[in-house]
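Each chain, written out:
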Amino acid sequence: MMRFMLLFSRQGKLRLQKWYTATAERDKKKMVRELMQIVLARKPKMCSFLEWRDLKIVYKRYASLYFCCAVEEQDNELITLEVIHRFVELLDKYFGSVSHTSEDVCHCSRCGADTDPPDQSTTDTAGWGVDSSYHPAVDGLF
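If you're wondering where the values come from, they're calculated on a predicted model, not measured in any experiment. (Residues numbered from 1 in each chain as written. Predicted model: local features only at pLDDT ≥ 70, side-chain atom pairs only at ≥ 80, totals over all residues. Heavy atoms only, no water.)

Caption draft 1: Spotlight on the overall build of the protein. Helices and strands together make up the secondary structure of the protein, namely 2 helices and 7 strands. When the elements of the protein are put in sequence order from the N terminus, they spell out β-β-α-β-β-β-α-β-β. In the protein, buried positions account for 38% of the 142 residues. Considering only intrachain contacts with a sequence separation of at least 6, the fraction spanning at least 24 residues in the protein is 45%. (Helix = DSSP H or I, 4+ residues; strand = E, 2+ residues; numbered from the N terminus. Buried < 20%, exposed > 50% of the residue type's maximum accessible area, 1.4 Å probe, protein only. Contact = heavy atoms within 4.5 Å.)

Caption draft 2: Here's a closer look at the packing of aromatic side chains. This model, assessed by the stated rule, comprises 6 aromatic pairs. For the ring pair Phe4 and Trp19, a centre distance of 4.4 Å and an interplane angle of 35 degrees mean the geometry is tilted. On the criterion of sequence distance, the pair formed by Phe4 in strand β1 (residues 2–9) and Trp19 in strand β2 (residues 14–19) is long-range, its members being 15 residues apart. Ring centres of Tyr94 and Phe95 lie 4.6 Å apart, and the angle between their planes is 80 degrees; on these two criteria the pair is classed as edge-to-face. For Phe95, a relative accessible area of 26% gives the class partly exposed. By the ring-pair criterion, three or more aromatic residues cluster together here, those being Phe8, Tyr59 and Tyr66. The residue whose ring lies beneath Lys60 is Tyr62, and the NZ or CZ to ring-centre distance is 5.8 Å. (Phe/Tyr/Trp six-rings, centres within 6.5 Å; stacked < 30°, edge-to-face > 60°. Lys NZ or Arg CZ within 6 Å of the ring centre and 35° of its normal.)

Caption draft 3: Region of the structure containing the nonpolar core. If you look at the biggest cluster of nonpolar residues, it comprises 17 residues, and the most contacted ones within it are Phe4, Leu6, Leu35, Trp52 and Cys68. When residues of this core are traced back to their parent elements, those giving at least two are β1, α1 (25–41), β3 (49–52), β4 (55–62) and β5 (65–72). No other element matches the 5 residues that α1 contributes to this core. Sequence-distant contacts of Leu35, defined by excluding residues within four places in its chain, comprise Phe4, Leu6, Trp52, Ile57 and Cys68. Counting 14 residues, the second-largest nonpolar core is a separate cluster that includes Tyr62, Phe67, Phe87 and Leu91. (Core = buried A, V, L, I, M, F, W, Y, C linked by side-chain atoms within 4.5 Å.)

Caption draft 4: Main features of the pairing of β4. With 6 of 8 residues buried, β4 lies mostly within the body of the structure. Across 4 bridges, the pairing between β3 and β4 is antiparallel. Note that in β4 the partner of Phe49 across the bridge is Val58. Between β3 and the antiparallel strand that follows it, β4, lie 2 residues; Arg53 among them carries a positive phi value of about 55 degrees. Examined bridge by bridge, β4 and β5 share 8 bridges and lie antiparallel to one another. Considered in β5, the bridge of Tyr59 is made with Cys68. (Pairing = 2+ DSSP bridges.)

Caption draft 5: Local environment of the environment of Arg3. The topology assignment puts Arg3 in strand β1. Since its relative accessible area comes to 22%, Arg3 is described here as partly exposed. Measuring from C-alpha to C-alpha, the distance between Arg3 and Tyr20 comes to 5.1 Å, with 17 residues separating the pair along the chain.

Right, here's the structure in full:
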């Protein structure tokens, strides 16, 4: 079972978090800080799986964002990588090629084309640019 999912930038700025178990806010902050330090310190050629506390951490870097999932020890790491990949595909389909820049805006970087930063009224608290119209693709995200 997945315990939580984190998205953070290479600079260590948390962009999105989703917790699937009840955890105190103080513990969440401590866990996020500790896990970001561990993942960001790893070399690009290192394995994307690691054991941390009583969990397996599976992460993947897409552009300048790290997608990081914590799963239980008996869970399959490759399935978790597939879940991350499917989530990224869904984000790409809805938002366009999603990556995060140091200016705290979303832009298209896969093909090198920049778009205008999102309007402040259309940016949610996680830093993702979203338009005000509802889209059914995001129905099952969380």
